[in-house]
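Single-letter residue listing:
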Amino acid sequence: MPAEPDRPNVVLITSHDLGLHLGCYGVGTGKTPNLDGLAASGLQFNNAVATSPVCSPSRGSLLTGRYPQSNGLIGLTHSPWWWRLDEEEETLPELLGEAGYETHLADFQHVAPDVKRLGFDYRHSADHKADETAGAAREIFADVGSDPIYVQFGFSETHRPFDREPADEDGIHVPDYLEGTTEIREDLARFQAEINYLDQQVGELLRHLEEHGERENTIVVFAVDHGIPYPGAKWWCRDPGTEISLLVDGPDFESAPPVEPVISNVDVLPTLFDALDLSPPDRVEGMSFYDYLTGETENAPREAAFTQFTTGGDESRGVVTEQYILIRNFGGRNIEYPTDADPTSRGSADGPSAGARPYAQLYDRVDDPHNLSDIGDAHPEIVSSLRQRTNVDGACQRPTAPRRRPLSVP
């Protein structure tokens, strides 16, 4: 019988475009018993914020513990953007590999075009099929030796296009920033069907962990990259674009009330390293929540999280506290909410326009979680206070020299 690893295994489960669209976050029409169960047995973060409302930069922050402006991955890795992690950046699988972990990737990652760049020892299920991705857990955990293992499971089912037809009896959750048109409701129903299927596969993955006796010795993290794929959410530095499901279960992360302080996805890496009794590199910009989560301190390490969206002529920077979100805009058009814009479009130029976006937008996240009423003009003192954070914190500065490959890259 192989010796049990000195440190716990780590499983990171990632999903596309899910935002908070789970039962445990209040979406009552969703059927997500497995993810809801993960939240119940571990920790659910109610104010988790992505560094970006698009995939690659958010995932890059998760794997490096550093902001997009610092690690170089400011935008998407594919055409026509071609952003890349800087060469000197070290990723979570690389760092854990150096600490003695055997590292595996099952399916999707979207941080580097060449998966070898990320430092995984083994690759499984590269065909973007959720059942194969979940099934890889059976093989991976069948023979855990004396070294702990890190496995990253990447599911892509909740990314467009949506291929599954919803059950007729399912209700539909329509967020307040979307109009309940027939087109939007039908699209949300298909999106919800994909979420239901994702949850089933996460259940299979966790079942394989249980069957091989590794569940109790494994830290399981479920992390979404950004908000749902609808106008006013994905591609926008609004709450609906950067709010993410974040669930953690396993040794030192047992069942507790939901975590309310703001946490950024740059904080996941240093928090994990503290849980594993490892020292993260000095370059890491995230803050460890480990002492707060284990009761060693009553003070959360972070008061605000920072967001960014960068693309030609349409840029935003944001600062998020428990109470407020301030968005600084550099170009782009506004949208009147609730919107009936085409749900298959990111919506930055489509739908009812309210003219150019104001330089600063302020929303009360408690009273107005869908960011429908800009209160910036009524509270200039709050705008000024939060704006100072965006001026002095490097996480929120506009990049002055974009670091990406030329557009001629194939």
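Residues numbered from 1 in each chain as written. Predicted model: local features only at pLDDT ≥ 70, side-chain atom pairs only at ≥ 80, totals over all residues. Heavy atoms only, no water.

Colleague: Got a minute to help me understand the overall build of the protein in this structure?
Modeller: The helix and strand tally for the protein stands at 10 helices and 15 strands. Of all 410 residues assigned to the protein, the portion counted as buried reaches 58%. Taking the intrachain contacts of the protein between residues at least 6 apart in sequence as the baseline, contacts between residues at least 24 apart amount to 70%. For the protein, the exposed surface amounts to about 16300 Å²; the carbon and sulfur share of it is 45%. (Helix = DSSP H or I, 4+ residues; strand = E, 2+ residues; numbered from the N terminus. Buried < 20%, exposed > 50% of the residue type's maximum accessible area, 1.4 Å probe, protein only. Contact = heavy atoms within 4.5 Å. Areas by Shrake-Rupley, 256 points an atom, 1.4 Å probe, with all protein chains shown as cover.)

Colleague: Help me understand the confidence of the model for the protein, please; the structure alone is not making it clear to me.
Modeller: Residues with a pLDDT of 70 or more make up 88% of the protein, whose mean pLDDT is 87. Taken as a whole, residues 396-410 scores under 50 in pLDDT and shows 34 contacts with residues more than four places along the chain or in a different chain. (pLDDT = per-residue confidence, 0-100.)

Colleague: When you look at the sheet that holds strand β11 (residues 314-320) in this model, what are you seeing that I'm missing?
Modeller: Backbone hydrogen bonds are what pair the strands of a sheet, in a parallel or an antiparallel way. Within the open sheet, the 4 strands sit side by side as β10-β11-β12-β15. Their pairing is antiparallel. The open sheet terminates on both sides in strands that have one partner only, identified here as β10 (305-309) and β15 (360-364). Sheet twist, expressed as the average angle between the axes of neighbouring strands with direction ignored, equals 15°. One ladder, built from 5 bridges, connects strand β12 (residues 324-331) with β15; its direction is antiparallel. In the strand pairing of β15, Leu326 is matched with Leu362. (Pairing = 2+ DSSP bridges. Axes fitted to C-alpha atoms, helices over the stretch in contact; angles between N-to-C directions.)

Colleague: How do you make sense of the environment of Leu247 when you look at a structure like this?
Modeller: Position of Leu247 among the secondary structure elements: in strand β8 (residues 246-249). A C-alpha to C-alpha distance of 10.0 Å links Leu247 and Val259, two positions 12 residues apart in sequence. Contacts of Leu247, omitting those with residues within four sequence positions, involve Cys24, Tyr25, Leu35, Leu38, Ala39, Leu43, Gln44, Val220, Val221 and Phe222.

Colleague: Just checking my understanding: could you explain the pattern of salt bridges for this structure?
Modeller: Tallying each qualifying case throughout the model produces 15 salt bridges. Between Arg164 and Glu194 there is a salt bridge whose closest N-O contact spans 2.9 Å. In this pair, Arg164 is assigned in the loop between β6 (149-155) and α6 (182-211) and Glu194 in helix α6, connecting sequence segments 30 residues apart. Residue Arg164 is classed as partly exposed on the basis of its relative accessible area, which comes to 29%. Of the charged contacts in the structure, one is a salt bridge between Asp187 and Arg190, with a shortest N-O distance of 3.7 Å. With Asp187 and Arg190 both in helix α6, this residue pair falls 3 residues apart, about one helical turn. The buried category is assigned to Asp187, whose relative accessible area is 4%. For Arg190, a relative accessible area of 26% gives the class partly exposed. (Salt bridge = Lys/Arg side-chain N within 4 Å of Asp/Glu carboxyl O.)

Colleague: Please explain helix α2 (residues 55-64) as it appears in this structure.
Modeller: Along an α-helix, residues three or four apart share an orientation, since each turn contains 3.6 residues. Burial analysis of α2 places 10 of its 10 residues in the buried class, the great majority of the element. Taken together, the buried positions of α2 are occupied by Cys55, Ser56, Pro57, Ser58, Arg59, Gly60, Ser61, Leu62, Leu63 and Thr64. Looking one or two residues beyond α2, the residue adopting positive phi is Gly65, at roughly 70°.

Colleague: Please clarify how unusual backbone geometry should be interpreted in this entry.
Modeller: It is generally the case that most residues other than glycine have a negative phi and that most peptide bonds are trans. Of the consecutive residues Arg160 and Pro161, the connecting peptide bond is found in the cis state with omega at 0°. Mapping Pro161 onto the fold places it in the loop between β6 and α6. Here the bond from Tyr337 into Pro338 is cis, since omega is 0°, no more than 30 degrees from zero. Structurally, Pro338 can be placed in the loop between β13 (333-335) and β14 (353-356).

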